[in-house]
Amino acid sequence: MVKYLIVFLISMVPLVELRVAVPYAIANGLPILPSYIVAIIGNMLPMPFIFFFARKVLEWGKDKPVIGGFFTFCLEKGHKGGEKLKEKAGNSLYWALFLFVGIPLPGTGAWTGTLAASILDMDFKKSVKAVVCGVVLAGIIMGLGTKAIQLIISLF
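Cut-offs and rules
Residue numbers restart at each chain and count upward from 1, following the sequence in its written direction. With pLDDT at 70 or above as the cut-off, local features in this predicted model cover only qualifying residues; side-chain atom pairs require 80 or more to be listed or tallied, and sums for whole chains, interfaces and linings still use all residues. Computation of side-chain values: all heavy atoms of the structure, hydrogens and water removed. Residues form patches when they are more than 30% accessible in relative terms and have no salt bridge. Like charges link within 9 Å. Nonpolar side chains (Val, Leu, Ile, Met, Phe, Trp, Tyr) link within 5 Å. Here, Shrake-Rupley sampling with a 1.4 Å probe gives the accessible areas, and only protein chains in the shown set may cover a residue. By definition here, a salt bridge exists when the distance from a side-chain nitrogen of Lys or Arg to a carboxyl oxygen of Asp or Glu is within 4 Å. By the criteria applied, helices consist of DSSP H or I runs no shorter than four residues and strands consist of E runs no shorter than two, each listed in order from the N terminus. Per residue, pLDDT captures the predictor's confidence, and it can take any value from 0 to 100. We call a residue buried when its accessible area falls under 20% of the maximum for its residue type, exposed when it is over 50%, and partly exposed in between, using a 1.4 Å probe and counting protein chains only. The contact criterion used is simple: two residues touch if any of their non-hydrogen atoms lie within 4.5 Å. Think of a nonpolar core as a cluster: buried Ala, Val, Leu, Ile, Met, Phe, Trp, Tyr and Cys residues, connected wherever their side-chain atoms sit within 4.5 Å. Between N-to-C directions, angles cover 0 to 180 degrees, with each direction set by a line fitted to C-alpha atoms, over the stretch in contact for helices. The scheme is simple: roughly parallel for angles under 35 degrees, roughly antiparallel for over 145, roughly perpendicular for 65 to 115, oblique for anything else. The handedness criterion is simple: a crossing whose near helix is rotated anticlockwise from the far helix by less than a right angle is left-handed, and one whose near helix is rotated clockwise is right-handed. Residues scored as charged are limited to Lys and Arg (positive) and Asp and Glu (negative), so that His and the chain ends carry no count. To locate a charge, take atom NZ for lysine, CZ for arginine, CG for aspartate or CD for glutamate.

Colleague: Any chance you could break down a nonpolar patch on the surface for me, citing the residues and the numbers?
Modeller: Together, Phe-49, Phe-52, Phe-53, Val-57 and Trp-60 line one region of the surface with nonpolar side chains, adding up to about 560 Å² of accessible area. Residue position: Phe-52 is located in helix 4 (residues 47-61).

This is how it looks when you write it as structure tokens:
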């Protein structure tokens, strides 16, 4: 049970999210499906808070001493991510959000995708669908990638 809690908590951490939680679960011998579900829930739990409040908090704190630099960085990261999505996607903004979240690269994921959706004033329900589907895709990619690496290592 403790290992599932660790999977849940890791999946909530910005930037690493379930991209680390799923490999952690597999590396620790946890069954893949329950671990995957726990990781998805953990990764999605912060989404409404990010969508509705993160932008306001970041804008409030961007000119404050000590935290201002980090808050400005987060706003710029979300804005840049959002603008890239807008630029590349055109009318397919939600598909672009899905792929942005779903392809597990550094700096992409539910946190950044949700912040970008908030900054772009995208529809919440459509954004949730795109981000959830992206998280599912990222989890599948990470699970398959981890299993493939385990298989390669076991051959040597």
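Colleague: Now, about the confidence of the model for the protein: what can you tell me, with residues and values included?
Modeller: Residues shown with low pLDDT carry predicted positions that ought not to be read at fine detail. Residues at a pLDDT of 70 or more form 100% of the protein, whose mean pLDDT is 90. Looking across the protein, the model is least confident in helix 5 (residues 68-89), with a mean pLDDT of 81, and most confident in helix 1 (residues 2-12), with 95.

Colleague: Please provide a residue-by-residue account of the side chain of Thr-114, values included.
Modeller: Mapped onto the elements, Thr-114 comes out in helix 7 (residues 110-119). Using a relative accessible area of 0% as the deciding quantity, one classes Thr-114 as buried. Setting aside residues no more than four positions away along its own chain, Thr-114 makes contact with Met-47, Ile-50, Phe-51 and Val-131.

Colleague: Could you give an account of the nonpolar core, with specific residues and numbers?
Modeller: Grouped together as the largest cluster of nonpolar side chains are 32 residues, with contacts concentrated most on Leu-18, Val-22, Leu-85, Leu-97, Val-131 and Val-135. Those elements that place two or more of their residues in this core are helix 1, helix 2 (17-27), helix 3 (32-44), helix 4, helix 5, helix 6 (93-102), helix 7 and helix 8 (124-155). Among the elements that make up this core, the one with the highest residue count is helix 6 (six residues). In contact with Val-135, not counting residues within four places along its chain, are Leu-18, Ile-40, Asn-43, Met-44, Val-101 and Ala-110.

Colleague: How would you summarise the packing of helix 3 against helix 8 if you had to cite specific residues and measurements?
Modeller: Remark: helix 3 packs on helix 8, axes separated minimally by 10 Å, with the N-to-C direction vectors making an angle of 140°. By the angle class used here, helix 3 and helix 8 are oblique. Pair helix 3 / helix 8 crosses with right-handed handedness. Counting all contacts with helix 3, which are made through Tyr-36, Ile-40, Asn-43 and Met-44, the residues of helix 8 involved are Val-131, Val-132, Val-135, Val-136, Leu-137, Gly-139 and Ile-140.

Colleague: Give me unusual backbone geometry: which residues, what numbers.
Modeller: Even without being a glycine, Val-66 presents a positive backbone phi close to 75°. For Val-66, the position within the fold is in the loop between helix 4 and helix 5. Positioned with a positive phi, Asp-121 is a non-glycine residue whose angle comes to about 55°. Mapped onto the fold, Asp-121 is located in the loop between helix 7 and helix 8.

Colleague: Give a detailed account of a positive patch on the surface, specifying residues and quantitative values.
Modeller: Judged by side-chain charge, Lys-77, Lys-80, Lys-84 and Lys-88 come together as a positively charged surface patch. Within the secondary structure, Lys-88 sits in helix 5.

Colleague: Provide a residue-level description of the pattern of salt bridges, including the pertinent values.
Modeller: For the structure shown, the criterion picks out four salt bridges. Of the charged contacts in the structure, one is a salt bridge between Glu-59 and Arg-55, with a shortest N-O distance of 3.4 Å. Here Glu-59 and its partner Arg-55 are both found in helix 4, four residues apart, which amounts to about one turn of the helix. Given the relative accessible area of 38%, Glu-59 is considered partly exposed. Across the salt bridge formed by Asp-63 and Lys-64, the nearest N and O atoms sit 3.5 Å from each other. Judged by relative accessible area, Asp-63 falls into the exposed class, the value being 59%. For Lys-64, a relative accessible area of 29% puts it in the partly exposed group. Connected through salt bridges with shared partners, the residues Arg-55, Glu-59 and Asp-121 form a single ionic network.

Colleague: Would you mind going over the packing of helix 4 against helix 5 in detail, with residue names and values included?
Modeller: In the contact formed by helix 4 and helix 5, the axes pass within 8 Å of each other and the chain directions differ by 135°. What the angle tells us is that helix 4 and helix 5 run oblique. The way helix 4 lies across helix 5 gives a crossing that is left-handed. Contact residues: helix 4 offers Arg-55, Val-57, Leu-58, Glu-59 and Gly-61, while helix 5 offers Gly-68, Phe-71, Cys-74 and Leu-75.

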